[in-house]
Amino acid sequence: DHAPSPALRQAQQDLIGCLLHRPEWFHEPMGDGRDLDEAVTATEFVSTDFRHLYEMVFHRLSGDGRKAPDALCDELLADLASRDEQALAALATQAQQDVGARAGDDQTLKALLLGAARALTSYQNDQASRQLRRQLSDADAAKAVDVDQLLQRIVEHGRNPNPVRIT
């Protein structure tokens, strides 16, 4: 678990905070053909604490996105309290309060939710692309070594093509 950038940490907090305010938006279209619940999985979360909170929210909303905000929040906080997870309960409460203070209306709240979801999925797509490029570069480097070895053998063969050949 590496420390995410402040913007990525904020996106994680915003997404959870928005869903705690408006759980019915869990199935909101993202504009790319997927709904939020399809596009954003727990693997998009870089921070372990936010990932764990999202897993709990996801589990509660995946069957029924019509849950009332108070019911969702109360269930989540009760579950965290029963597990003695005060730090996560504080994080969830802070996410909900922060989003509430920053987004006064539904339009702003929805923009915050979709922006956070896009930031998280874009970050993970970028990470996956970087990893693929590294693997490709590593594969090219491995091939280059093989080519160098082959060229060396060709040069040596040119110097002494057949050691048993009579000249």
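Residues numbered from 1 in each chain as written. Predicted model: local features only at pLDDT ≥ 70, side-chain atom pairs only at ≥ 80, totals over all residues. Heavy atoms only, no water.

A. Structural context of the overall build of the chain. Along the backbone of the chain there are six helices and zero strands. Across the 167 residues of the chain, 34% fall into the buried class. The long-range share in the chain, meaning contacts at least 24 apart out of those at least 6 apart in sequence, stands at 70%. Total accessible area on the chain is roughly 9,900 Å²; 52% of this is exposed by carbon and sulfur atoms. (Helix = DSSP H or I, 4+ residues; strand = E, 2+ residues; numbered from the N terminus. Buried < 20%, exposed > 50% of the residue type's maximum accessible area, 1.4 Å probe, protein only. Contact = heavy atoms within 4.5 Å. Areas by Shrake-Rupley, 256 points an atom, 1.4 Å probe, with all protein chains shown as cover.)

B. Main features of the nonpolar core. Counting 40 residues, the largest nonpolar core has Leu-15, Leu-36, Leu-53 and Tyr-54 as the members making the most contacts within it. When contributions to this core are tallied by element, the ones reaching two or more residues are helix H1 (6-21), helix H2 (36-39), helix H3 (48-63), helix H4 (69-82), helix H5 (86-102) and helix H6 (106-159). Beyond its immediate sequence surroundings of up to four residues, Leu-36 is in contact with Leu-15, Leu-19, Trp-25, Phe-26, His-27, Glu-28, Met-30, Tyr-54, Leu-113 and Ala-117. (Core = buried A, V, L, I, M, F, W, Y, C linked by side-chain atoms within 4.5 Å.)

C. Summary view of unusual backbone geometry. Of note in the backbone geometry, Asp-84 takes a positive phi value of approximately 60° without being a glycine. Looking at where Asp-84 falls in the secondary structure, it is placed in the loop between H4 and H5. We classify Asp-84 as exposed; its relative accessible area is 55%.

D. Molecular detail of the confidence of the model for the chain. When the pLDDT values of the chain are averaged, the result is 83; 83% of them are 70 or greater. Confidence scores differ between elements of the chain, with H6 showing the lowest mean pLDDT of 78 and H1 the highest of 94. Here residues 161-167 scores under 50 on pLDDT; set against residues more than four positions off or in separate chains, the count is zero contacts. (pLDDT = per-residue confidence, 0-100.)

E. Region of interest: H4. Spanning 14 residues, H4 covers 20 Å between terminal C-alpha atoms, matching the ideal 20 Å at 1.5 Å per step. The complete set of buried residues in H4 reads Leu-72, Cys-73, Leu-76, Asp-79 and Leu-80. The arc that holds the buried residues of H4, viewed along the axis, is 135°, so those residues lie on one side. Exposed positions of H4 whose direction lies more than 90 degrees from the buried face are Asp-70, Asp-74, Ala-81 and Ser-82. Contacts made by the buried residues of H4 are with H1, H3 and H5. (Expected span 1.5 Å × (residues − 1). Arc of directions from axis to C-beta.)

F. Structural context of the packing of aromatic side chains. For the structure shown, the criterion picks out three aromatic pairs. Seen in terms of ring centroids, Phe-26 and Phe-58 are 5.2 Å apart; in terms of plane orientation they differ by 80°. Their pairing is edge-to-face. A residue pair is termed long-range when its members are at least 10 positions apart, and Phe-26 in the loop between H1 and H2 and Phe-58 in helix H3 qualify at 32 residues. You can call Phe-58 partly exposed: its relative accessible area is 27%. Note on Phe-45 and Tyr-54: the rings are 4.6 Å apart at their centroids and 25° apart in plane angle, and the pair reads as stacked. Take Phe-45: its relative accessible area is 1%, and that puts it in the buried class. Taking relative accessible area as the criterion, Tyr-54 reaches 0% and is therefore assigned buried. An aromatic cluster of three or more residues is present, and its members are Phe-26, Phe-45, Tyr-54 and Phe-58. (Phe/Tyr/Trp six-rings, centres within 6.5 Å; stacked < 30°, edge-to-face > 60°.)

G. Summary view of H5. For H5, with 17 residues, the first-to-last C-alpha span of 24 Å sits near the 24 Å given by 1.5 Å per residue. Within the sequence span of H5, burial applies to Leu-88, Ala-89, Leu-91, Ala-92, Ala-95, Gln-96, Asp-98 and Val-99.

H. Summary view of the packing of H1 against H4. Remark: H1 packs on H4, axes separated minimally by 7 Å, with the N-to-C direction vectors making an angle of 120°. On the basis of their axis angle, the class for H1 and H4 is oblique. Every residue of H4 that contacts H1 at Leu-19, Leu-20 and His-21 is listed here: Pro-69, Leu-72, Cys-73 and Leu-76. Of the residues contributing to the contact of H1 with H4, the split by class is six nonpolar, one polar and no charged. (Axes fitted to C-alpha atoms, helices over the stretch in contact; angles between N-to-C directions. Parallel < 35°, antiparallel > 145°, perpendicular 65-115°, else oblique. Nonpolar A, V, L, I, M, F, W, Y, C, P; charged D, E, K, R; others polar.)

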